[in-house]
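Listed below, chain by chain, are the residues.
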Amino acid sequence: MLLKTPSDAPSFDAAARDAASEDGLARITALAAGCLGMPMAWIAVGTGRTRTVRAAYGFDGDAAGPGTAAQDPCATAPLVGTGGRRLGDLCVMNPRARAPLDPARTGRLEAFAGLVVDHLEREDRAGTDGIARGLAGAAAYAFLAVDTAGTITFVNRAAEILFDYGPGTMIGQDVEIIIPPSFRKMHGERFAGFVARAPSRLVGRTIEITAQRRDGATFPIEFCLSTWHEDGRVGIGAMMRDISEWRARDEQLLRMAHHDSLTGLANRARFAERLKAVLAEGHSATVMLLDLDGFKEVNDSLGHATGDALLQSVAVRLPLCVAADVTVARMGGDEFAILLGPCGDPRVAAATAARILDVFQATFQVSGHTFHVGLSLGAAVGHGPETDAETLIADADLALYQAKRDGRRCFRLFEPAMRAAVIARRTLHDELSHALAAGELVLHYQPQVAFDTGRVVGAEALLRWVHPRRGLLLPGAFLSALEAHPMAAGIGRWIIEEACRQAAQWRAAGHPPLRVAVNLFAAHLQAGTLAEDVMRSLARYRLAPATLELEVTERIALQADDAVLEPIRALHAHGVAVAFDDFGTGYASLSSLKRFPLTRLKIDRSFVRDVLTDRHDAEIIRAILGMAQSFGLEVIAEGIEGPDQEAILRAMGCHEGQGYLYGKAMPPNALAALIRARGASGRCANVA
């Protein structure tokens, strides 16, 4: 038997090492050569002139070994004993392959070198055979040797611990005791073929297989196979280690790469992989995207922990709306995705969306709060491998965007026109990016007139875009894009600065004091610099604070918290006027009378338009005027187009008006001319 377990070892002296000791080193040399896939290996001990080859595999051996010649490079692992004493080297060589060993094989060579050192030092201490004990000293690896019948002839203690066997109990048993039953037939066939055709391509390679412990538990191991010939017999050995922790870590990394850590659903990468696979197989696929309406407010008001808990609840409910084999993923934030495939029928997508919207009518109970979660859904259908997966997801996203624009809590299927609309919005976004720097944004001013004198007492600054190709654009063509633009806060600052500059210019031209009203941008308020920007512009142009009036829209009023209200309150206390625009048309009007430091209400044009014919509009205007009087606020009516409208408003107690009767929004020099004309005669012809 090769690689037998040690028993009582014969003694030796310094002049002649006994055969048993030399046989042990020869076995290690052969095992190293076989495991590393090298035809030659040797152990050289000593240094300089005393250097000799103690054991060799693949050649007869000479004084120093074949690797001393420059033309025959070898891989060497130093034999370093206790205290750093250099004992010699373990060398392997393949004359036909001159590439250096990779890190894994270098590590195994060093492990074998450790066995040699242990063997040599044990020779010095006790004169024992030392092979088994040397193998046991290699803590990182387990070793096992079998004969050609598959009978275990040698194991080290590390192998016995690995497979949970007592000392010596594995010797003489069939190697299949470490092979799971389901793999034994295949192992027997491959082992027989391996013995018949040795050497095999498996020799020297690192292989992962499933092994079995004494109690039947299976676990993954990594092993390297080696073979050698001695006295006409074949020896087969394996170096092994448990890689359960590696496998668990790999599985965890794979899960992290393909699943969302918060909800456990598939993530965006996994969703895209499955979509690509469906399309590549020639099937149709439907991608549905959905997100939660108002989720940002949940995070902002109740914190991210509650928001995360709500997302987890959604991730539990959403898969219940579809079949078990349908992929449901979290794409990020509050956006989820569903893959219907193979499926190219828009009716199926519509039915699925209707089912989801119906299921989500039920409330969520999360962290002591009750949530009514609304959804917006968009879908796109693709057919076969000619469809790009990312483009299909982008199309579904466009449909989702359209659902949001159409009022939320609804479903939209992608149409090519949606892509054209997005391209137009992106073009507009890009053009806005340089419009301010290019001087394309200008302010026009619509006059505000006192009824009793007919004089211009104020002007509302209205933004216009002098587009290089499309001409003069009114806010309706670009305001929604501007409000969502990163430059929105900067343009808000420019409007205040430009309005103050123009007011100062009119004053310098000798015109009477004029109130200039400016519409606030929500982004400017949220930037936190409003009060500083207004005070700086007023100081730069030496204007009285009352010269400037800030108009608050309902959108701002609904989103206003203490952080937003604070700068408005500070400016009001300094003397800057604050007006509520389009008063009476929305939800925020009445509450704003209490929360905002207002000085003026602006009656919306929708009430003024039919004031002569609609009794309800007339009563609403009287109610607004009554509230304003009770709160000590001034009032101005918008949208006056005829003298009869002005007359009835005057009779109701309104004192100022704005509308086409007095003039449309106009450039600064045109307004200056109107101011002069009305100042000279009190009332004059209308300026269009």
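1. What to know about helix 22 (residues 643-652)
Step number 1: All buried positions along helix 22 are accounted for by Q645, E646, L649 and M652. Buried residues of helix 22, seen end-on, are gathered within an arc of 125° and therefore sit on one face of the element. Away from its buried face by more than 90 degrees, helix 22 exposes P643, D644 and A651.
Step number 2: Contacts from the buried residues of helix 22 go to helix 20 (605-608), helix 21 (615-631) and strand 24 (634-638).

2. Some words on the environment of L413
Step number 1: Tracing the backbone shows L413 in strand 16 (residues 411-413).
Step number 2: Since its relative accessible area comes to 29%, L413 is described here as partly exposed.
Step number 3: Residues L413 and L377, spaced 36 residues apart in sequence, show a C-alpha to C-alpha distance of 8.6 Å.
Step number 4: If we skip the residues at most four places from it in the chain, L413 touches P346, A379, A380, V381, A399 and M418.

3. Here's the deal with the pattern of salt bridges
Step number 1: Enumeration according to the criterion identifies 30 salt bridges in this entry.
Step number 2: With its nearest N and O atoms 3.3 Å apart, the salt bridge here joins E638 to K602. Within this pair, whereas E638 is found in strand 24, its partner K602 is found in strand 23 (residues 600-603), the two being separated by 36 residues in sequence. Pair check on accessibility: E638 and K602 agree, each one buried.
Step number 3: Each of R515, E549, R600, E634 and E656 takes part in a single network of salt bridges with overlapping partners.

4. Things to note about the packing of aromatic side chains
Step number 1: All told, the structure shown has six aromatic pairs when counted by the stated rule.
Step number 2: Taking 5.5 Å as the distance between ring centres and 85° as the angle between the ring planes, the aromatic pair formed by W42 and F59 counts as edge-to-face. Of this pair, W42 sits in strand 1 (residues 40-45) while F59 sits in the loop between strand 2 (52-57) and strand 3 (75-80); the two residues are 17 residues apart in sequence, bridging distant segments of the chain.
Step number 3: Ring geometry for F163 against F219: centres 6.0 Å apart, planes inclined by 55°, an arrangement best described as tilted. Remark: F219 occurs in strand 8 (residues 218-230) and F163 occurs in helix 4 (residues 157-163); sequence separation between them is 56 residues.
Step number 4: The exposure class assigned to F219 is buried, which follows from its relative accessible area of 4%.
Step number 5: Above the ring of F219, the side-chain terminus of R213 is found at 3.7 Å from the ring centroid.
Step number 6: Here the guanidinium or amino end of R317 rests over the ring plane of F360, the centre of that ring lying 5.7 Å away.

5. Some thoughts on the nonpolar core
Step number 1: Counting 75 residues, the largest nonpolar core has L601, I603, I621 and L671 as the members making the most contacts within it.
Step number 2: Tallying contributions element by element places helix 14 (residues 488-508) first for this core, with eight residues.
Step number 3: With residues up to four places along the chain from it excluded, the contact list for L601 reads F580, F583, L593, I624, A628, L633, E634, V635 and I636.
Step number 4: Counting residues in each nonpolar core, the second largest holds 35 residues, with M38, L90, L109 and Y141 among its members.

6. So, helix 10 (residues 346-359)
Step number 1: Between the first and last C-alpha of helix 10 there are 20 Å, a value that for 14 residues agrees with the 20 Å anticipated at 1.5 Å per step.
Step number 2: Among all positions in helix 10, only A349, T352, A353 and I356 are buried. Buried residues of helix 10, seen end-on, are gathered within an arc of 100° and therefore sit on one face of the element. Of the exposed residues in helix 10, the ones pointing more than 90 degrees away from its buried face are R347 and D358.
Step number 3: Capping of helix 10 at its N-terminal end is provided by D345; its side-chain oxygen lies 2.9 Å from the backbone amide nitrogen of R347.

7. Structural notes on the confidence of the model for the chain
Step number 1: Overall, the prediction assigns the chain a mean pLDDT of 84, with 87% of residues at 70 or greater.
Step number 2: Note that residues 1-17 has pLDDT below 50 and, in this model, 38 contacts with residues that lie over four places away or in other chains.
Step number 3: Between residues 684-688, whose pLDDT stays under 50, and residues either more than four places distant or in other chains, the model counts eleven contacts.

8. Examining the packing of helix 7 (residues 268-280) against helix 11 (residues 389-405)
Step number 1: Packing of helix 7 against helix 11 leaves a shortest axis separation of 9 Å and a crossing angle of 115°. In terms of their interaxial angle, helix 7 and helix 11 are classed as roughly perpendicular. For the pair helix 7 and helix 11, the sense of crossing is right-handed. Only A389, E390, L392 and I393 of helix 11 make contact with helix 7, whose side of the interface consists of R268, F271, A272, L275, K276 and L279.
Step number 2: Looking at the contact of helix 7 with helix 11, its residues break down into seven nonpolar, no polar and three charged.

9. Some thoughts on the sheet that holds strand 15 (residues 374-383)
Step number 1: The five strands are arranged 11-12-10-15-16 in an open sheet whose pairing can be described as mixed. Looking at which strands have only one partner, the edges of the open sheet turn out to be strand 11 (327-332) and strand 16. Adjacent strand axes in the sheet meet at a mean angle of 20° when their direction is disregarded.
Step number 2: Two elements, strand 11 and strand 12 (residues 335-340), share five bridges in a ladder whose sense is antiparallel.

10. Section: the sheet that holds strand 3
Step number 1: If you trace the four strands from one edge of the open sheet to the other, you get 2-1-4-3, paired in antiparallel fashion. Both outer strands of the open sheet, strand 2 and strand 3, are each paired with one neighbouring strand and no more. This sheet shows a mean twist of 20° between the axes of neighbouring strands, independent of strand direction.
Step number 2: Inspection of the sheet shows strand 1 paired to strand 2 by five bridges, in the antiparallel sense. Across the sheet, the residue bridging to A44 is V53, located in strand 2.

Parameters and conventions
- Residues numbered from 1 in each chain as written.
- Predicted model: local features only at pLDDT ≥ 70, side-chain atom pairs only at ≥ 80, totals over all residues.
- Heavy atoms only, no water.
- Buried < 20%, exposed > 50% of the residue type's maximum accessible area, 1.4 Å probe, protein only.
- Helix = DSSP H or I, 4+ residues; strand = E, 2+ residues; numbered from the N terminus.
- Arc of directions from axis to C-beta.
- Contact = heavy atoms within 4.5 Å.
- Salt bridge = Lys/Arg side-chain N within 4 Å of Asp/Glu carboxyl O.
- Phe/Tyr/Trp six-rings, centres within 6.5 Å; stacked < 30°, edge-to-face > 60°.
- Lys NZ or Arg CZ within 6 Å of the ring centre and 35° of its normal.
- Core = buried A, V, L, I, M, F, W, Y, C linked by side-chain atoms within 4.5 Å.
- Expected span 1.5 Å × (residues − 1).
- Polar contact = N/O pair within 3.5 Å; in protein donor to acceptor, adjacent residues only side chain to side chain.
- pLDDT = per-residue confidence, 0-100.
- Axes fitted to C-alpha atoms, helices over the stretch in contact; angles between N-to-C directions.
- Parallel < 35°, antiparallel > 145°, perpendicular 65-115°, else oblique.
- Left-handed = near helix turned anticlockwise from the far one by under 90°.
- Nonpolar A, V, L, I, M, F, W, Y, C, P; charged D, E, K, R; others polar.
- Pairing = 2+ DSSP bridges.

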